[in-house]
Amino acid sequence: MTETRTPLRRHTLPVIAVLTAVVLIWYAAAVWLNAPQVSERLEGIGEPWGWRELVNGTWSMERPVLPAPHQVADNWWTSVFDTAVDSPRSLIFHAGVTLGATVLGFALGMALGILIAIGVVHSAVLDRGLMPWIIASQTIPILAIAPMVVVVLGSMGYPPLMSKAVISMYLCFFPVAVGMVKGLRSPDTLQMDLMRTYNASAVQRLFKLRLPAAVPFLFASAKVAMATSLVGAIVGELPTGAQAGLGARLLSGSYFGQTIQIWSALVMAALLGVALVAAVRATENATNRLMGARA
Amino acid sequence: MKTGRHALTAVAVVALIVVAAWMLNTVNAPEAPRGKAAGMVWNTLIVWLIALWWTLRRLAALPARHRLKWLAPAALGATFLYLWELLVVGWDVPRVLLPAPHAVADALSARWDVLWPDFLQTALAVLAGYVIGNGAGLLTAFAADRFDFLKRGLLPLANLAGAVPIVGIAPIMVMWFGFEWHSKAAVAAVVTFFPMLINALAGLAAVDAMHRDLMHTYAAGHAATLLKLRVPGALPFIFNALKINSTLALIAAIVAEFFGSPIVGLGFRISAEVARMNVDVVWAAIALAALAGSGFYGMIALLERGLTFWHPSYRK
Amino acid sequence: MAAPPSSKASNATTPAVVASGLSLVFQTADTPVTALSNVDLTIARGEFVSFIGPSGCGKTTLMRVIADLEQPTAGRIEVNGTTPEQARLARAYGYVFQAAALYPWRNVLRNVLLPLEIIGIPAAERRERALKQLALVGLEGFEKKYPWQLSGGMQQRVSIARALALQPELLLMDEPFGALDEITRDHLNEQLLRLWERTGKTVIFVTHSISEAVFLSNRIVVMSPRPGRIIEIIDNTLPAGRNLDVRETPEFAAVAHRVRLALRAGHSYD
């Protein structure tokens, strides 16, 4: 059902239409949600006021209920480009902190997931004994442990980066493990039989057949794992005491009622997530080309 | 003979349990040596582990359809809990760092009067958000399926949303809907919306060309084709989303509670007790959340089996 | 019963299908493909006609045009005296695909009930009709089974029963037995012939098996590719009421030989 010929062209116009609709609704909602406070203030001033004053007011509040898109864009721009990179007001600084934990957690999670998958495929004990627990672990809201892990590891002297990475690692190993198990088991029976006729050892089979066959599954899981790792890093920054990172910025914005700060931190987190998954996708495309897949 | 093999395995399991009980008992005794001084226990443990691996191999060798095939994962799970208890008690691990399973169980029963209302509060948010999010996702999928322009506009954005940490909207939701469960339900709803939208659309589109042609030869209208062909065919995809969303909604509600909650809620309890370093209560709350999460997932899986029994994945 | 076409009254002498100068050109990414080129064909009611030819000769495309599943780019076509679309809306034909295309979430009976549900026939009458069709294809007793519990041949029989459920005048079959083993094919061929004799429907049957075409039909339309066109239409001289033994007779070989000559003339073996 999906077109492969000109996907960009097919989707560009509708996406722009939907985005435009979203922005328009956003502006309208800003007027609607901020109106009570603004109208109260305008009444207090005493001068006659109409729609123009109301709308202008709702789109330029300091602590709005819903900031207007341009306010968020402005704050974001300032925090990114007009602030020193090492200052605690810089979104780049916070994004960098979160990025570090995300990438480290992602790498650890991938390694753990792949190792577990290789173990499960080669050992009946792990396959029967461990795999059901791995699948069951998906149903457990592990993210709830995040604050505790950070605090406990922190009290043992580990830097917050480490504890956040541990949380992210735990979150992402699951999709990688499940996906890789499927991938390592994906080769045709015919291909496996061919390896038997060559009297290939298990290690040779692993590197020459199973791992290459598992690459598409690896990348599919990697995209999910990267997004999950980011969530893990952000939630890991939530316990009180965390000063740096996008999660901390969200939390401080929430404590001090700085709505616009919250929104621009959220935008930064969204951009970070999209960029990271895009990086995974780019790696996937490069790998596919190296492995001779069809364009 | 088969029964001979099974008998040997059964004997091994019993022996393992007896030795395990002995080790735990030794270490639990009030004046018992702990840590490095309990060398005898640790030497026994090493031998015990080797015997355990041997026994697990035999348990794992049971054929897949055997009645007792659950023994292997159950044994591994029980071993995990046992080792946790033994090592924490035997090495005198500080409670603040990692409490023993029995301490967690104690905390669970001691603080039940607080944890149960917490659970109810969170469960309310989870269920409300789950229903709203999945419902909205399904309806939007039907609309996008009907109007191709909408589908082409929404689908890339929905896929993009998968990369965005949506739980981050929690502080905004708290600001809009207050500290009560409504804000947590809102976060859960938004989080569950996108996976349902993507999966439902994929399911509706996954219809065979042959089936579509067949409906065409019956001159069946859009509604009849939708109802009789595409919705039943989309059910496996929809259930896939429902299962994923069951965990996502729970996580979303708990994390949202980290951002601001009245004085009830599992997430609130976790962050409050973390601040007080009552780690065993934290573990108890998490255990409760884990049980609830698995139970929720299990119910949906059962429902899925009932409604999509016909799917090839159920036939081996 | 399905509503008859509104404009022209179809009577016993209106031919089932009339095609004149029918052409279909597909626009693909590289070059346009002529799937059908100037097809002239008349099929009378009650005939059993086979379309035979190699891949790409347009036989399936021609049948899909008759079924209103494709639109011709030139020429005229009439089905039951009206356009293919009108015929489709009047539920004038039943289509049997290469695969059974049964719904795995419905049991055998409910699969046959599907078209009847769609056109809104009341429940009691639906059930009666469906059971009758299942008996016709020899599957009484299998109503509660699910498709995956049946063999390939039985699934196709359910598919045929489903196609007959609407009591169409026209039965369109696109290589229905191609995926089955030869022994099952032979069995089903015989059953189909008996079914046709009992019901008197017009059957259009696409195949690439010469012996199947010669055994089943009373007229064989030989087609060839590049561009898709009719090479020859052969009248089958074999006696009616035949069974599988007729395939060993010299008359059978003679007709098959004529078909093979026609295929060769159309460069099908190049």
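This one's a predicted model, so the numbers in the text were calculated from it and none came from an experiment.

What follows is about the overall build of chain A. Looking only at helices and strands, chain A has 11 helices and 0 strands in total. Counting from the amino terminus, helix and strand elements in chain A follow one another as α-α-α-α-α-α-α-α-α-α-α. Expected size for 295 residues packed as a compact globule is a radius of gyration near 19 Å; at 25 Å, chain A overshoots this value by more than 25%. Considering only C-alpha atoms, chain A reaches an extent of 90 × 55 × 35 Å along its principal axes. Counting the 295 residues in chain A, one finds 46% classified as buried. Sequence separation of 24 or more characterises 72% of the internal contacts of chain A that already satisfy a separation of 6 or more.

To continue, consider the interface of chain A and chain B. Counting residues at the interface gives 52 residues for chain A, matched by 54 residues for chain B. Interface area for chain A against chain B, summed over the two sides, is near 4600 Å², with a carbon-plus-sulfur share of 81%. Counting the surface chain A buries against chain B, the share from its top three residues, V125, R128 and M148 of chain A, is 15%. Summed over the shared surface of chain A and chain B, the result is 0 salt bridges. Run the count over chain A and chain B and you get 3 residue pairs in polar contact (both at pLDDT 80 or more). Counting only elements with at least two residues in the side of chain A that touches chain B, the list comes to α1 (7-45), α5 (124-137), α6 (146-155), α9 (202-236), α10 (246-255) and α11 (259-290) of chain A. Considering only residue class, the side of chain A that touches chain B consists of 41 nonpolar, 9 polar and 2 charged.

Residues and elements named next belong to chain B. For the structure shown, the criterion picks out 22 salt bridges over all chains. Between K243 and E304 there is a salt bridge, with the nearest N and O atoms lying 2.9 Å from each other. Residue K243 is located in helix α10 (residues 222-258), and its partner E304 is located in helix α12 (residues 279-307); the two are separated by 61 residues in the primary sequence. As far as the burial class goes, K243 and E304 line up, both buried. Each of R111, E273 and R276 takes part in one network of salt bridges that share partners.

Here the focus is the domain arrangement of chain A. Residue and element names in this part refer to chain A. Under the domain assignment, chain A is made up of domain 1 (7-66) and domain 2 (91-290). One C-alpha centre belongs to domain 1, the other to domain 2, and the line joining them spans 38 Å. Contact residues are listed per partner, giving 7 residues for domain 1 and 6 residues for domain 2. Inspection of the domain 1/domain 2 interface yields 0 salt bridges. There are 2 residue pairs in polar contact (both at pLDDT 80 or more) connecting domain 1 and domain 2.

Once that is clear, we can look at the interface of chain C and chain B. Contacts between chain C and chain B engage 24 residues on the former and 17 residues on the latter. By the criterion of area lost to chain B, the three top residues of chain C are W105, I118 and W148 of chain C, representing 30% of everything that side buries. In this structure, the connection of chain C to chain B is made through 2 salt bridges. Close ionic contact of D213 of chain B with R64 of chain C constitutes a salt bridge, the shortest N to O distance being 2.9 Å. No other element matches the 4 residues that helix α3 (residues 108-118) of chain C contributes to the side of chain C that touches chain B. Looking at the side of chain C that touches chain B, its residues break down into 17 nonpolar, no polar and 7 charged.

Conventions and cut-offs
- Every residue gets a number counted from 1 within its own chain, in the order that chain's sequence is written.
- Starting at A for chains and at 1 for ligands, labels are handed out in the order in which the entities are written.
- Note on the predicted model: pLDDT of at least 70 is required for a residue's local features to be given, and 80 or more for side-chain atom pairs to be given and counted; whole-chain, interface and lining totals, by contrast, use all residues.
- To obtain the side-chain values, all non-hydrogen atoms of the structure were included, while hydrogens and water were left out.
- Every helix listed is a DSSP run of H or I at least four residues long, and every strand listed is a run of E at least two residues long, numbered separately from the N terminus.
- Each radius of gyration is computed over the set of C-alpha atoms, and the globule rule expresses the reference value as 2.2 Å times the number of residues to the power 0.38.
- Exposure is judged per residue with a 1.4 Å probe applied to protein chains only, and the accessible area is read against the type maximum: over 50% gives exposed, under 20% gives buried, and values in between give partly exposed.
- By the convention used here, residues are in contact when the closest approach between their heavy atoms is within 4.5 Å.
- Joining two parts hides part of their accessible area as seen by a 1.4 Å probe, and the buried area is that hidden amount summed over both.
- We define a salt bridge as a contact between a side-chain nitrogen of Lys or Arg and a carboxyl oxygen of Asp or Glu at a distance within 4 Å.
- By the criterion applied in these results, polar contacts are pairs of N or O atoms within 3.5 Å in which, for protein atoms, one can donate a hydrogen and the other can accept it, and in which residues neighboring in sequence qualify only through two side-chain atoms.
- Amino acids outside the nonpolar list (Ala, Val, Leu, Ile, Met, Phe, Trp, Tyr, Cys, Pro) and the charged list (Asp, Glu, Lys, Arg) are all regarded as polar, and Gly is one of them.
- Domain borders in the structure are assigned automatically or taken from a domain database.

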